[in-house]
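Read off the chains here:
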Amino acid sequence: MRTSLGPVQLAASAAWTLSGNDIGTMITAAPRLYPHMWSWDTAFISIGLAHLSAERAAQELRTLLSAQWRNGMIPHIVFSEGAGYFPGPERW
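This report concerns the structure included in the present document.

**Here's the deal with helix 3 (residues 54–65)**
Stage number 1. The terminal C-alpha atoms of helix 3, which comprises 12 residues, lie 17 Å apart, in line with the 16 Å expected from a rise of 1.5 Å per residue.
Stage number 2. Where helix 3 is concerned, the buried positions are Arg-56, Ala-57, Glu-60, Thr-63 and Leu-64. Burial along helix 3 is one-sided: seen end-on, the buried residues are contained in an arc of 120 degrees. In this structure, helix 3 carries Ala-54 and Glu-55 as exposed residues pointing more than 90 degrees from its buried face.

**Observations regarding the nonpolar core**
Stage number 1. Within the largest apolar cluster, five residues are counted, these being Leu-18, Ile-27, Ile-45, Leu-49 and Ala-57.
Stage number 2. Dropping the residues within four chain positions of it, Ala-57 is found in contact with Ser-46, Leu-49 and Ala-50.

**Structural notes on the packing of aromatic side chains**
Stage number 1. Evaluation of the coordinates by the stated rule reveals one aromatic pair.
Stage number 2. With centroids separated by 5.2 Å and ring planes inclined at 45 degrees, the aromatic side chains of Trp-38 and Trp-40 adopt a geometry described as tilted.
Stage number 3. Given the relative accessible area of 11%, Trp-38 is considered buried.
Stage number 4. Residue Trp-40 is classed as partly exposed on the basis of its relative accessible area, which comes to 47%.

**As for helix 2 (residues 39–50)**
Stage number 1. For helix 2, built from 12 residues, the straight-helix expectation of 16 Å at 1.5 Å per residue is met to within 8% by its first-to-last C-alpha distance of 17 Å.
Stage number 2. All of the buried residues in helix 2 are Ser-39, Thr-42, Ile-45, Ser-46 and Leu-49. The buried side chains of helix 2 occupy one side of the element, clustering within an arc of 105 degrees when seen end-on. In helix 2, the exposed positions that point more than 90 degrees away from the buried face belong to Phe-44 and Ile-47.
Stage number 3. As for helix 2, its buried residues are in contact with helix 1 (7–20), strand 1 (37–38) and helix 3.

Rules of the game
Position labels on residues start from 1 in each chain and follow its written sequence. Under the rules for a predicted model, residues below a pLDDT of 70 receive no local features and side-chain atom pairs below 80 are neither given nor counted, while totals for whole chains, interfaces and linings still include all residues. Think of the side-chain values as coming from all heavy atoms in the structure, minus any hydrogens and water. The numbering of helices and of strands both runs from the N terminus, where a helix is a DSSP run of H or I of at least 4 residues and a strand a run of E of at least 2. Multiplying one less than the number of residues by 1.5 Å gives the expected span of a helix. Relative accessible area decides the class of each residue, using a 1.4 Å probe on protein chains only: under 20% of the type maximum gives buried, over 50% gives exposed, and in between gives partly exposed. Read the arc as the range of directions from the helix axis to the C-beta atoms. Put simply, a nonpolar core is a bunch of buried Ala, Val, Leu, Ile, Met, Phe, Trp, Tyr and Cys residues held in one set by side-chain atoms that sit within 4.5 Å of each other. Residue contacts are defined here by distance: any two heavy atoms, one from each residue, within 4.5 Å place the two residues in contact. Two aromatic rings, drawn from Phe, Tyr or Trp (for Trp, its six-membered ring), form a pair once their centres lie within 6.5 Å of each other, and the interplanar angle then sorts them: stacked below 30 degrees, edge-to-face above 60, tilted otherwise.

Set out below in structure tokens:
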């Protein structure tokens, strides 16, 4: 049976996961499976990042908001460069 992580170990594990999922322009939930930014994940990722670096957390939100549509809507997915995914941005 696995033991529970203490607060320090849990924080370190979360920081390690965020770092490992950082593809440079954004943090993805699963870089190999979903190599893009998902708006509903970004809020939670930014909360976690704020404990590590407020500037990096703000950058994550700026990346999301930079994809805002002309009509004010924020898309549920922001596509990263060069990562294949179907359906891609052409479809959306």
